[in-house]
Amino acid sequence: MPPPPAPRPWTVYSAVLLNPQDFVLVVHHEDAPGGVYDLPGSAPDEDGAGWMGLASAVKSATGLDVIVRRLLATELTPADPTTGTPACRHRVRFCGRLPHNQRIALGDGLNHYRWLAADEVAKHCGAAARRIRCALAVQASGEEIDPRETSSVAAFSEV
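Now for a quick tour of the structure. Only a predicted model underlies this, so the values are computations on that prediction, with no experimental measurement involved.

### Topic: the nonpolar core
In terms of nonpolar packing, the biggest core is built from 24 residues, with Val16, Val24, Val26, Val121, Cys125 and Ile132 touching the most fellow members. Broken down by secondary-structure element, the contributors of at least two residues to this core are β1 (10-18), β2 (24-29), β3 (71-77), β4 (88-97) and α3 (129-141). The contacts of Val24, once residues within four sequence positions are left out, are Val16, Leu17, Leu18, Leu39, Arg114, Trp115, Leu116, Val121, Ile132 and Leu136. Of all hydrophobic cores here, the second largest spans 12 residues; its members include Leu17, Val68, Cys95 and Ile104.

Structure below.
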């Protein structure tokens, strides 16, 4: 008897929010290792809202009202059978540019935020750094990402 088919990958959405200096907003989750930040966004898309649920996820995480815009990056992380972690498809979308002194009100489970320049992302964002830097490069260049692409991050090469 053939093995059962692998479960569909989870889909996670996150938001790139920039300030006037093109620094990106990153948040720290209470259960994340110390000093590791990531983009605000949603947990695996279990309710089926897709990218349309990203605006409400950003609102609950940061208190900010945003408009979800273009796709900046996709990344597929394979399943890890040793930990039981399923495959994950991560999609990063641009959600706007914020005024200089925008008030951030962190939601449940978040304990800190910061604004990072692109060259600081690798130092503070752990495994998410490559995905974030790819998204920032695409945003700056004005390029378009094909939503059917499994992983634009894997093809990303820094200039």
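### Quick notes on helix α1 (residues 54-62)
Taken as a whole, α1 has its buried residues at Leu54, Ala57, Val58, Ala61 and Thr62. The arc enclosing the buried residues of α1, seen along the axis, measures out at 105°, which places them on a common side. Elements in contact with the buried residues of α1: β1, β2, β4 and β5 (110-116). One or two steps after α1, the chain reaches Gly63, where phi turns positive at roughly 80°.

### Thoughts on the pattern of salt bridges
This model, assessed by the stated rule, comprises four salt bridges. Among the ionic pairs, Asp38 bridges to Arg131, the shortest N-O distance being 3.4 Å. Taken together, the residues Asp38 in the loop between β2 and α1 and Arg131 in helix α3 connect sequence positions 93 residues apart. You can call Arg131 buried: its relative accessible area is 7%.

### A word on the environment of Ile145
As for its position among the elements, Ile145 is in the loop between α3 and α4 (152-155). Expressed as a C-alpha distance, the spacing of Ile145 and Leu110, which sit 35 residues apart in the sequence, is 30 Å. Once residues lying within four places of it in the same chain are set aside, the contact partners of Ile145 are Leu71, Leu72, Ala73, Thr74, Val138 and Ser152.

### Comments concerning the pairing of β3
Along any regular strand, the residues point their side chains to alternate faces of the sheet. Counting buried positions along β3 yields five of seven residues, so the element is predominantly enclosed. Of the pairings in the sheet, the one linking β3 to β4 comprises six bridges and is antiparallel in character. Its bridge partner being in β4, Leu76 is matched across the sheet by Arg89.

### A closer look at α3
Its 13 residues give α3 an end-to-end C-alpha distance of 18 Å, which sits within 8% of 18 Å, the value for a rise of 1.5 Å per residue. Of all the residues in α3, the buried ones are Ala129, Arg131, Ile132, Cys134, Ala135, Leu136, Val138 and Gln139. In the core, the buried residues of α3 are packed alongside β1, β2, β3, β4, α2 (121-124) and α4.

### Remarks on unusual backbone geometry
The general pattern is negative phi for most residues beyond glycine and trans for most peptide bonds. For Asp22, which is not glycine, the phi dihedral falls at a positive 65°. Among the residues examined, Asp22 registers a relative accessible area of 43% and is labelled partly exposed.

### What about the side chain of Ser152?
Structurally, Ser152 can be placed in helix α4. Only 2.9 Å separates the side chain of Ser152 from the backbone nitrogen of Thr74, close enough to count as a polar contact. Those residues in contact with Ser152 that sit more than four places away from it in its chain are Leu72, Ala73, Thr74, Cys134 and Ile145.

Rules behind the numbers
Residues numbered from 1 in each chain as written. Predicted model: local features only at pLDDT ≥ 70, side-chain atom pairs only at ≥ 80, totals over all residues. Heavy atoms only, no water. Core = buried A, V, L, I, M, F, W, Y, C linked by side-chain atoms within 4.5 Å. Buried < 20%, exposed > 50% of the residue type's maximum accessible area, 1.4 Å probe, protein only. Helix = DSSP H or I, 4+ residues; strand = E, 2+ residues; numbered from the N terminus. Contact = heavy atoms within 4.5 Å. Arc of directions from axis to C-beta. Salt bridge = Lys/Arg side-chain N within 4 Å of Asp/Glu carboxyl O. Pairing = 2+ DSSP bridges. Expected span 1.5 Å × (residues − 1). Polar contact = N/O pair within 3.5 Å; in protein donor to acceptor, adjacent residues only side chain to side chain.

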